[in-house]
Amino acid sequence: MFPGRPHPQPPALLRRCPIPRFAPPPGSSGEEVKGYPPPPPSDSAMGVPSRAQAERESSHQSDGEEQEPPPQGEGGVRGADLISLLPDEILGSIVSLLPTDEGARTQILSSRWRHLWRSAPLNLEVSGAGRINKAVVSRILSEHRGVARRFSVSDFITANDSATLDGLLQSPVLDNLQELAFSFSDCIWPSPLMPHSALRFSSTLRVAEFSSCQFPDDAAHQVHFPKLQHLALGSVIISEDSLHAMLAGCPALDKFVFRYIDEDSPQMPRSALHFPSTLRVAEFGSCQFPEAMVCQVHFPNLQQLVLESVTISEGSLHAMLFGCPALNILTLGNCSGFSQFRINSLKLKHVEMYFRILDGHRLEELIVENAPCLERLHHRGPYQDIMRISIISAPKLEILGRLTDNIYRLELGSTVFKGLHDVTMATVMRTVKVLTLRLDNLIRDVIFNFMKCFPCMEELCIQTHIDLCLPHTAMENRQHYYSQDRFECLDHHLKKLWIGYYSGERPHVGFAKFFVMNASVLESLVLNVHPYRKVSDQWIENQRRQLQLENRASICAQIDFTFEKCFSYLNDV
């Protein structure tokens, strides 16, 4: 299903209050909800006395007999059915936030819950092949007594047939639908025609996501989406006039997603840039931007822009950003067509960039000229990427990365790194709190230079190479460096150190032990071992002995060994 939407989480009340296990009411212990697992056996069938039996037994106890108080749980008496005391309206809202299959299973909890799912706002979402097939979807729609909030089905249900989808959308229970999402397979050609019944919800829809279909040309001019806030079109075949009319009929649009799945990156319709001024989030993917139109657009309220696998010229990119005065977040993923990127923005806070190793036109130079609000600058290019980075003015920069051994030149104000070893230190950036690096070898001289440049750094993330280690003697020759010059970073600020692809060999042990022995406020040292490296508990205990944890400078420091892929952590920083 394109594009994916994270499922809303249940309220905190549902997560805190335990859902009790009830015995089914008399005559319904064997009842089964079709399409879902059978209900669990009753407590009495399992040899556990019911609540009524327990009460009768307690009544036979003598008045003078001292009874043991019931055990207390987090919310009172353990096992108390607190959540069932809530009104049906609240319980129905909670059930509607659960995934479809889990919401249906709440019917087997007790007779109190049996009617809730069928009367609560329907959240019907089927994203893949499973036990919920077309027949089950049809039965749910025919038997549901409440209103429908969301209807989302993939090509496993639509069967790549417009008539099948049309039959489902005609269900009366979907009247006043708020969220609609469907997709056909992207492997068939021509793409199926979107049924006209999908537009009958235009007056109530708040979210619309369509993928791999053809938009009927005779429909866009006749519909109006007064409440639509989120519109996503994935590989939808739509004419310029229809797209223009559709966007013009969305006065409340807040988020617009326009992507192709085709690797050939077709030309993006010019009408895709004619969205209303209310838009705050825009995402474009796998397409080519029209040159002339980009220079003419103006997005006064756009706060987040995502360009992924987009071909756009350097002039068009800068012109587009100039037309977004309120932009806060910018993501450039695997984009091409420009070799230099200049950041001049008064509101921009986060910049995220990543490029593939095989891209023919990669970013060669990044210049931050004037970014008074920039807090995060993260470039996740390939290790072989040779870049020039110049940060002239970013007074609020807190997160910087990922810098590599192959960086050609790094300018931080008046401080110049020619590579990472030849450094002319002149400027100190006290705002930087997080730094991420990708280094072939763990060389402390390189880290010392960064600690001098960023004296208030609190978190340092280093991904090294599992097969490349600096000889231990070379590291020992640098031991005197720290003894002659104390670092503010080590003494007062560095709280977390993460080392990826930690090998456990002497060079890596010596590097990690240096921080264990000298980082005075260190709270966490994470040593991430390569997931393919076989280690044992004995190996880990041996590593802990070599690190001399009993002599650590910070008594609060915790040392953890993990075995995850490095990219997952660095991308989450």
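On a predicted model such as this, the values are computed, not experimentally measured, just so you know.

Chemist: Would you take a moment to explain the packing of aromatic side chains for this structure?
Modeler: The way to describe two aromatic rings as a pair is by their centre distance and the angle between their planes. Overall, the coordinates contain 16 aromatic pairs when judged by the stated rule. Note on Phe450 and Phe454: the rings are 6.1 Å apart at their centroids and 10° apart in plane angle, and the pair reads as stacked. Centre to centre, the rings of Trp539 and Phe561 are 6.0 Å apart; their planes meet at 75°, and the pair counts as edge-to-face. Highlighted residues: Trp539 in helix 18 (residues 537-546) and Phe561 in strand 25 (residues 558-562), separated in sequence by 22 residues. Exposure remark for Trp539: the relative accessible area of 17% places this residue in the buried category. Relative accessible area serves as the criterion here: at 13%, Phe561 is assigned to the buried category. These aromatic residues form a ring-pair network of at least three members: Phe256, Phe258, Tyr260, Phe275, Phe284, Phe289 and Phe299.

Chemist: Whenever I open this one, helix 9 (residues 162-169) confuses me. Can you help?
Modeler: Within the span of helix 9, buried status applies to Ser162, Thr164, Leu165, Leu168 and Leu169. All buried residues of helix 9 lie within an arc of 160° about the axis, which places them on one face of the element. At its buried positions, helix 9 is contacted by helix 7 (134-143), strand 4 (148-153), helix 8 (155-158) and strand 5 (179-183).

Chemist: Is there a simple way to explain the pattern of salt bridges in this structure?
Modeler: Pairing between side chains becomes possible if they bear opposite charge and their charged atoms approach one another. One pass over the structure, following the stated rule, counts 19 salt bridges. In this structure, Asp254 and Arg280 form a salt bridge, with 2.6 Å as the shortest nitrogen-oxygen distance. Separated by 26 residues along the polypeptide, Asp254 in the loop between helix 10 (240-248) and strand 8 (255-259) and Arg280 in the loop between strand 8 and strand 9 (281-288) bring together distant segments of the chain. A relative accessible area of 23% means that Asp254 is categorised as partly exposed. Arg280 sits in the partly exposed class, given a relative accessible area of 34%. Linking Arg259 and Glu308 is a salt bridge whose minimum nitrogen-to-oxygen distance equals 3.1 Å. Of this pair, Arg259 sits in strand 8 while Glu308 sits in strand 10 (residues 304-311), placing them 49 residues apart in sequence. A residue is classified by how much of its surface remains accessible, and Arg259, at 14% relative accessible area, is buried. Overlapping salt bridges, with partners in common, bring together Glu125, Arg149, Arg150, Glu179 and Glu209 in one network.

Chemist: Could you clarify how one ought to interpret the packing of helix 13 (residues 444-453) against helix 17 (residues 506-518) in this entry?
Modeler: Interaxial distance between helix 13 and helix 17 falls to 11 Å at its minimum, and their mutual angle equals 35°. Where helix 13 approaches helix 17, its residues Arg444, Ile447, Phe448 and Met451 are matched on the opposing element by Gly510, Phe511, Phe514 and Phe515. Classifying every residue of the contact of helix 13 with helix 17 gives six nonpolar, one polar and one charged.

Chemist: I tried to follow the pairing of strand 23 (residues 496-502) on my own but got confused; where do I start?
Modeler: With respect to burial, strand 23 is a largely interior element, six of its seven residues being buried. Read as a crossover between parallel neighbours, the route from strand 23 over helix 17 to strand 24 (residues 524-529) is right-handed.

Chemist: What exactly am I supposed to notice about the sheet that holds strand 14 (residues 365-370) here?
Modeler: Pairing between sheet strands relies on hydrogen bonds along the backbone, with the strands arranged either parallel or antiparallel. The sheet built from six strands is open, its strands ordered 12-14-16-18-19-20 with mixed pairing. Both edges of this open sheet fall to strand 12 (340-344) and strand 20 (422-424), since each of them pairs with a single strand only. With strand direction ignored, the average angle separating the axes of adjacent strands in the sheet is 10°. For strand 14 and strand 16 (residues 388-391), the ladder comprises four bridges, and the chain directions are parallel. Directly across from Glu365, in strand 16, lies its bridge partner Arg388.

Chemist: Looking at this structure, I do not really get the environment of Cys489. What am I missing?
Modeler: By the element assignment, Cys489 lies in helix 16 (residues 488-493). On the accessibility criterion, Cys489 (0% relative accessible area) is buried. With 32 residues separating them in the primary sequence, Cys489 and Val521 have C-alpha atoms 9.5 Å apart. If sequence neighbours within four positions are ignored, Cys489 has contacts with Met451, Phe454, Pro455, Met457 and Leu494.

Chemist: Just to check I follow, could you spell out the pairing of strand 10 for this structure?
Modeler: Across a regular strand the side chains alternate sides, sitting on one face of the sheet and then on the other. Pairing geometry for strand 9 and strand 10, over seven bridges, is parallel. When the bridges of strand 10 are listed, Gln288 appears paired with Thr311. Across five bridges, strand 10 lies against strand 11 (residues 329-333) in parallel orientation. Bridge pairing in strand 11 links Val306 to Thr331.

Chemist: Please explain unusual backbone geometry as it appears in this structure.
Modeler: What is expected of a backbone is that most residues other than glycine have negative phi and most peptide bonds are trans. Cis geometry is adopted by the peptide bond preceding Arg402, which originates at Gly401 and carries an omega value of -20°. Within the secondary structure, Arg402 is located in strand 17 (residues 399-404). Even without being a glycine, Tyr501 presents a positive backbone phi close to 60°. With respect to the secondary-structure elements, Tyr501 resides in strand 23. Unusually for a residue other than glycine, Gln548 sits at a positive phi of about 55°. Along the chain, the position of Gln548 falls in the loop between helix 18 and strand 25. Judged by its relative accessible area of 27%, Gln548 is partly exposed.

About the thresholds
- Sequence order as written defines residue numbering, which begins from 1 separately in each chain.
- Local features are withheld for residues below a pLDDT of 70 in this predicted model, meaning they are given only at 70 or higher, and side-chain atom pairs are given and counted only at 80 or more; totals for whole chains, interfaces and linings count all residues.
- Heavy atoms from the whole structure form the basis of all side-chain values; hydrogens and water molecules are not counted.
- Each Phe, Tyr or Trp ring, with Trp reduced to its six-membered ring, pairs with another whose centre is within 6.5 Å; inter-plane angles below 30 degrees give stacked pairs, above 60 give edge-to-face pairs, and intermediate values give tilted ones.
- Helix and strand assignments follow DSSP, with helices taken as H or I runs no shorter than four residues and strands as E runs no shorter than two, numbered in order from the N terminus.
- Categorising residues by exposure relies on relative accessible area from a 1.4 Å probe, with only protein chains included: less than 20% of the type maximum marks a residue as buried, more than 50% marks it as exposed, and the intermediate range marks it as partly exposed.
- Arc, as used here, means the arc of the directions from the helix axis to the C-beta atoms.
- Contacts are assigned to residue pairs with any non-hydrogen atoms lying within 4.5 Å of each other.
- Any carboxyl oxygen of Asp or Glu within 4 Å of a side-chain nitrogen of Lys or Arg constitutes a salt bridge here.
- Inter-axis angles, ranging from 0 to 180 degrees, are taken between N-to-C directions of lines fitted to C-alpha atoms, where helices are fitted over the stretch in contact.
- For this classification, the nonpolar set comprises Ala, Val, Leu, Ile, Met, Phe, Trp, Tyr, Cys and Pro, the charged set comprises Asp, Glu, Lys and Arg, and every other residue, Gly included, is treated as polar.
- If the strands point away from the viewer and the path from the first strand over the helix to the second runs clockwise, then the crossover is right-handed.
- At least two bridges found by DSSP between two strands are what make those strands a pair.

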